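# Chain and residue survey
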Amino acid sequence: MPLLRRIIGSVLRRLRLAQGRTLQDVARDADVSLPYLSEIERGRKEASSEILAAICRALGIGLGDLLDEARRELARTDPRRTAPRAMASARGSAGAPRSAARLCGGNAGRLRATVALEAILRSGETFEGTAMSAAR
């Protein structure tokens, strides 16, 4: 199963390279150290939401755009990922998963992260909005 930090790092690197920018340029504009940004891009460091928001601003994209692209990449790289339609049918009447352990083969944390990511993407709110706070 791919790690979210690796997917986000890969997306950030792809976006940076597509803009023809160097690590140094983006690190300076995001006010993060170059080695730290490199570690994030390589999926070795788990960046905080504040750092991700700063990197997104430096790249001129929204945090939602980054998360949307990460979601698409996750769907491409992890064939075991539950499709959004299947996730909706697996919910009870209150909208909560019926059995997180059963749906994720015992990995309830993966389900919580997927559900939180989908909620953020559906909300369309920016980092400063309430969706990020509610997802914690």
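Taking an unreviewed UniProt entry as the reference, the protein chain is identified by name as Transcriptional regulator with XRE-family HTH domain belonging to Catenuloplanes atrovinosus.

## Considering the packing of helix H2 (residues 23-30) against helix H4 (residues 49-59)
One can describe the packing of H2 onto H4 by two numbers: an axis separation of 8 Å at closest approach and a directional angle of 115°. By crossing handedness, the relation of H2 to H4 is classed as right-handed. Taken together, the residues of H4 that come into contact with H2 (itself represented by Val 26, Asp 29 and Ala 30) are Ala 54, Ile 55, Ala 58 and Leu 59. Here the contact of H2 with H4 is composed, by residue class, of six nonpolar, no polar and one charged.

## Let's talk about unusual backbone geometry
Even without being glycine, Asp 31 reaches a positive phi, approximately 60°. The exposure class of Asp 31 is exposed, given its relative accessible area of 70%.

## What about the nonpolar core?
Judged by nonpolar contacts, the single largest core of 24 residues is most densely connected at Ile 8, Leu 12, Leu 37, Leu 52, Ile 55 and Leu 66. Going through the elements one at a time, helix H1 (4-18), H2, helix H3 (34-41), H4 and helix H5 (63-77) are the ones with two or more residues in this core. Ranked by the residues each element gives to this core, the list is headed by H4, at six residues. Those residues in contact with Ile 8 that sit more than four places away from it in its chain are Leu 52, Leu 66, Leu 67 and Ala 70.

## Some remarks on the confidence of the model for the protein chain
When the pLDDT values of the protein chain are averaged, the result is 74; 56% of them are 70 or greater. Low confidence marks residues 86-93, where pLDDT is under 50. Its contacts with residues over four positions away, or in another chain, come to 15 contacts. Taken as a whole, residues 125-136 scores under 50 in pLDDT and shows 17 contacts with residues more than four places along the chain or in a different chain.

## Side note on H4
Counting buried positions over the 11 residues of H4 gives eight, a clear majority of the element. Those residues of H4 that sit buried are Ser 49, Leu 52, Ala 53, Ala 54, Ile 55, Cys 56, Ala 58 and Leu 59.

Conventions and cut-offs
Residues numbered from 1 in each chain as written. Predicted model: local features only at pLDDT ≥ 70, side-chain atom pairs only at ≥ 80, totals over all residues. Heavy atoms only, no water. Axes fitted to C-alpha atoms, helices over the stretch in contact; angles between N-to-C directions. Helix = DSSP H or I, 4+ residues; strand = E, 2+ residues; numbered from the N terminus. Left-handed = near helix turned anticlockwise from the far one by under 90°. Contact = heavy atoms within 4.5 Å. Nonpolar A, V, L, I, M, F, W, Y, C, P; charged D, E, K, R; others polar. Buried < 20%, exposed > 50% of the residue type's maximum accessible area, 1.4 Å probe, protein only. Core = buried A, V, L, I, M, F, W, Y, C linked by side-chain atoms within 4.5 Å. pLDDT = per-residue confidence, 0-100.

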